[in-house]
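These are the residues of each chain, in order.
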Amino acid sequence: MTTGTAPPPVTEHDERLRKVGRLSRLLSRPELGAVVGAVLVYLFFAVIAFDNNFVSWGSLSSILNAAAPLGILSAAVAMLMIAGEFDLSIGSIVGFAGMTIMVLVTSPDQGGFGWTLWPAILVALVFALAIGWFNGILVVTTKLPSFIVTLGTLFIFRGLTIALTRTITNRTQLGGLDEVSGYDLAQKVFASSITIGGGRFSIAILWWVLLVVVSTWVLLKMTWGNWIFGVGGDPNAARNVGVPVDKVRIALFMTTAFSAWLVAVIQAVQFTGADTLRGTGQEFQAIIAAVVGGTLLTGGYGSAVGAAFGAFIFAMVKQGIRITGVDGDWFQVFVGAVLVIAVIFNNYIRQKAVKK
Amino acid sequence: MTTTTAPAPLLEIDNISKYFGSVIALKDVSMFVRPGEVTCLLGDNGAGKSTLIKVLSGVHQPDEGTYRFEGAEMNLSSPRDALEYGIATVYQDLAMIPLMSVWRNFFLGSEPTKGFGPFKRFDAEYAKRTTKDELGKMGIDIRDPDQAVGTLSGGERQSVAIARAVHFGAKVLILDEPTAALGVKQAGVVLRYVVQAKQRGIGVIFITHNPHHAYPVGDHFVILKRGQVYGDYTKDELPLEQLIQMMAGGADLEALQHELERAAEEGDQAAENAAAGLEEEVEKLDELTEQRSEDGE
Ligand SMILES: Nc1ncnc2c1ncn2[C@@H]1O[C@H](COP(=O)(O)OP(=O)(O)OP(=O)(O)O)[C@@H](O)[C@H]1O
Ligand SMILES: [Mg+2]
């Protein structure tokens, strides 16, 4: 084909194109760092905590159970961050949604409304989506950085959760969800578990996997995914070629709020109650998981699979420290170190990927 | 010129003004483009050309004046509206996302889909193939449609933006300095595209600082100066020398007269050279396509 004498501008095969193998393509994926990191961290604890049974079904199940809520949040957070935005209010939405459910189902003689569980779960969903929508509207109309806007709503909704719960029920903790009608089904859907080789794996893991699969499908296969990467890469350029930038942003703030609602429901059902402070600090953990998973803080690059591995690393470090008997106070030191190392590593990988 | 009765304008604006705070970017600007014609928009840096085309493509909403498309008055609220009417634009800053691949950039905002319901998805295969084909037609062989746009050369990036607009510009094609970063050959291809678009009945609005690019393809020249229309000429009314003079700026004219005369002479020569070069280029390309189709058989 290309043995002709003419020096054509268009050839069947470009002589300047080197064949790049599967491996090289794999290396340019954003989640690579987190996958390698997860393996390294696992091996690390497998060696130093071998005697403490780190390598066991029981230990694996407690890592995954702890990672699931964080993983659910971080899948949504990763998508939002790829679009170039932050949501610091999700921890507060977890608290707000959980308390909404509890206040609605608590019996009237204890200051509640005496609802059955499923309508309460639905109303909490509507509230959560409304908060997400409010975050999005605030960000796109004020054009302020979402970091500031959602830092504001972090306090607003945590404050509202505490103030309203106290005003209505005079308490900051509500329990007894297992006595409410509808709990049995909810328990199956949100808090059941199966036992494999001595480890009890909770159904939250399944929700986590489902969310990661859907997020990945959206990001890589759907039109919306193309828009999300475009909005994060350069919002002006994206707008100029016809991407509905504001719509994408608002939808993603509603997605993070949705993930917060899901975590709130899972935890309320699992612990048969809620606390006004539930979810505190989880917004940062979710951002850390996303960043460790290769998502760029500046937007335009990242993956939901990476964020899942980020959450896994996070939970592994926590479990490793717990079972080796190291003082729990050291946990934050480890998390901070892992975060910084991950960012340095990811930057390096990304530069390689972009330069090829 | 050759037509006796001119067709009605495809896109027309009347007394458009645009302000950015205290800055008057455009004041009472009127212009139009007819189907099958090329309107060249000329003017100094900062004259307001890019602002004007951003009004035309729906990025900016005008503060005053009317916008008519195919005779109907309308307000574009976003570039998406404009694209739906078949008005496609190559922006001066190209509007590309550096971290995204060439094929994703090409279809960003106008993604082809396949499948139904929740399985409706971005047709990546079609997108990759079309991207490669459209760029191939411009003489740009992107090695790998998966390559990030940020890693392309400046001219390659510009070619992607142009190929994209040509692909989507069903009725009006707006080009803001599309030849700025291009090599002689690619600039020739772009000018040829403009002529082809014109022959297909598309209205083209073409911004350039190069009179030798504007003159051979333009039917109609609008000169902007400090946000206002300074002149609006058909090709008959405006010899190349005069166009060059006007593009060089009226006020300093006398002082620069001699220089300009010389420039105009050289300009004539250059225009002829450019035209001849263009023809050669076209012939070469035609030969090549023939060869390729023969090769294929
Ligand atoms: N968003 C904006 N805010 C304030 N001023 C603006 C804005 N956009 C453009 N301007 C001003 O409007 C004027 C016209 O700018 P414009 O980009 O349209 O010029 P131009 O004719 O395209 O110039 P060039 O040939 O250099 O591309 C400039 O003085 C510019 O500073
Ligand atoms: Mg300009």
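Residues numbered from 1 in each chain as written. Chains lettered and ligands numbered in written order. Predicted model: local features only at pLDDT ≥ 70, side-chain atom pairs only at ≥ 80, totals over all residues. Heavy atoms only, no water.

Thoughts on a nonpolar patch on the surface
All names here are of chain A. Note the following rule: Candidates for patches are residues over 30% relative accessible area with no salt bridge; among them, like charges are joined within 9 Å and nonpolar side chains (Val, Leu, Ile, Met, Phe, Trp, Tyr) within 5 Å. Each accessible area is a Shrake-Rupley result for a 1.4 Å probe, and residues are judged covered by the shown protein chains and nothing else. Any carboxyl oxygen of Asp or Glu within 4 Å of a side-chain nitrogen of Lys or Arg constitutes a salt bridge here. Strands here are runs of E lasting at least two residues and helices are runs of H or I lasting at least four, both read from the DSSP assignment and numbered beginning at the N terminus. Throughout, exposure labels follow a simple rule: accessible area from a 1.4 Å probe, protein chains only, divided by the maximum for the residue type, with under 20% read as buried, over 50% as exposed, and the rest as partly exposed.
On the surface, F113, W115, I156, L160, L164 and I168 cluster together into a nonpolar patch covering about 520 Å² of accessible area. Looking at where I156 falls in the secondary structure, it is placed in helix 6 (residues 146-169). Judged by relative accessible area, I156 falls into the partly exposed class, the value being 45%.

Concerning the sheet that holds strand 9 (residues 172-176) of chain B
Residue and element names in this part refer to chain B. Using the following cut-off: Pairing between two strands requires that DSSP report at least two bridges joining them. Axis geometry follows a simple rule: fit a line to the C-alpha atoms, using only the stretch in contact for helices, then measure angles between N-to-C directions, giving values from 0 to 180 degrees. Any two residues whose heavy atoms approach within 4.5 Å at even a single point are treated as in contact.
Spatially, 6 strands are ordered 6-9-10-3-11-12 in an open sheet, and the strand pairing comes out mixed. The sheet terminates laterally at strand 6 (87-90) and strand 12 (228-234), the two strands that pair on one side only. Each strand axis lies, on average, 15 degrees off the axis of its neighbour in the sheet, ignoring direction. Contacts between helix 1 (residues 49-56) and the sheet are confined to strand 3 (38-43), strand 6, strand 9, strand 10 (203-207) and strand 11 (220-225), with strand 3 contributing the most and set at about 140 degrees to the helix. Helix-sheet contacts for helix 6 (residues 184-199) involve strand 3, strand 9 and strand 10, and the interaxial angle to strand 10 is about 155 degrees.

What about the coordination of the magnesium ion (ligand 2)?
Where we set the bar: For Na, K and Ca the donor cutoff is 3.2 Å, while for all other metals N, O and S atoms count as donors only within 2.8 Å; water does not appear among the atoms, so some sites may look incomplete.
For the magnesium ion (ligand 2), the full set of protein donor atoms is S50(B) (OG) and Q92(B) (OE1), at a range of 1.9 to 2.1 Å. Here the residue S50(B) occupies a position in helix 1, and Q92(B) occupies one in the loop between strand 6 and helix 3 (102-107), the gap between them amounting to 42 residues.

Regarding the packing of helix 3 (residues 57-82) of chain A against helix 11 (residues 245-271) of chain A
Residues and elements named next belong to chain A. Our working rule: The cut-offs work like this: below 35 degrees is roughly parallel, past 145 is roughly antiparallel, 65 to 115 is roughly perpendicular, and the gaps in between are oblique. Only Asp, Glu, Lys and Arg are considered charged, only Ala, Val, Leu, Ile, Met, Phe, Trp, Tyr, Cys and Pro nonpolar, and every remaining residue, Gly among them, polar.
With their axes 8 Å apart at the nearest point, helix 3 and helix 11 run at an angle of 175 degrees to one another. In terms of their interaxial angle, helix 3 and helix 11 are classed as roughly antiparallel. The residues of helix 11 that touch helix 3, namely those facing P69, I72, L73, A76, V77, M79 and L80, are L252, F253, T255, T256, S259, A260, L262, V263, I266 and Q267. Looking at the contact of helix 3 with helix 11 residue by residue, the class counts come to 13 nonpolar, 4 polar and no charged.

Observations regarding helix 13 (residues 304-323) of chain A
Residues and elements named next belong to chain A. Applicable threshold: In this analysis, the expected span of each helix is defined as 1.5 Å times one less than the number of residues it contains. Whenever two N or O atoms come within 3.5 Å, that pair is a polar contact, provided that in protein one can donate a hydrogen and the other can accept it, and provided that, for residues adjacent in sequence, both atoms are side-chain atoms.
The terminal C-alpha atoms of helix 13, which comprises 20 residues, lie 29 Å apart, in line with the 28 Å expected from a rise of 1.5 Å per residue. Of all 20 residues that make up helix 13, 16 are buried, and the element is covered over most of its length. Here helix 13 starts with a cap whose side-chain oxygen sits 2.8 Å from the backbone nitrogen of G306, and that cap is S303. Once helix 13 finishes, G325 follows within two positions and takes phi at roughly 80 degrees, a positive value.

A closer look at the confidence of the model for chain A
Note the cut-off: pLDDT is defined as a per-residue confidence score from the predictor, taking values between 0 and 100.
Chain-level pLDDT for chain A is 90 on average; 90% of the residues reach the 70-or-more range. In the predicted structure, residues 1-12 of chain A sits below a pLDDT of 50 and forms 14 contacts with residues beyond four places in sequence or in another chain.

A word on the sheet that holds strand 1 (residues 11-20) of chain B
Read across the open sheet, the 4 strands follow the order 2-1-4-5 (chain B); overall the sheet is antiparallel. One side of each edge strand has no neighbouring strand; the edge strands of this open sheet are strand 2 (23-33) and strand 5 (72-73) of chain B.

Re the pairing of strand 9 of chain B
All names here are of chain B. What counts, and what does not: With the strands aimed away from the viewer, a crossover counts as right-handed if its path from the first strand over the helix to the second runs clockwise.
Most of strand 9 is tucked away, with 5 of its 5 residues classed as buried. For strand 6 and strand 9, the ladder comprises 4 bridges, and the chain directions are parallel. Across the sheet, residue A88 finds its bridge partner in strand 9, namely L173. Where the polypeptide runs from strand 9 across helix 6 and back to strand 10, its parallel neighbour, the crossover connection is right-handed.

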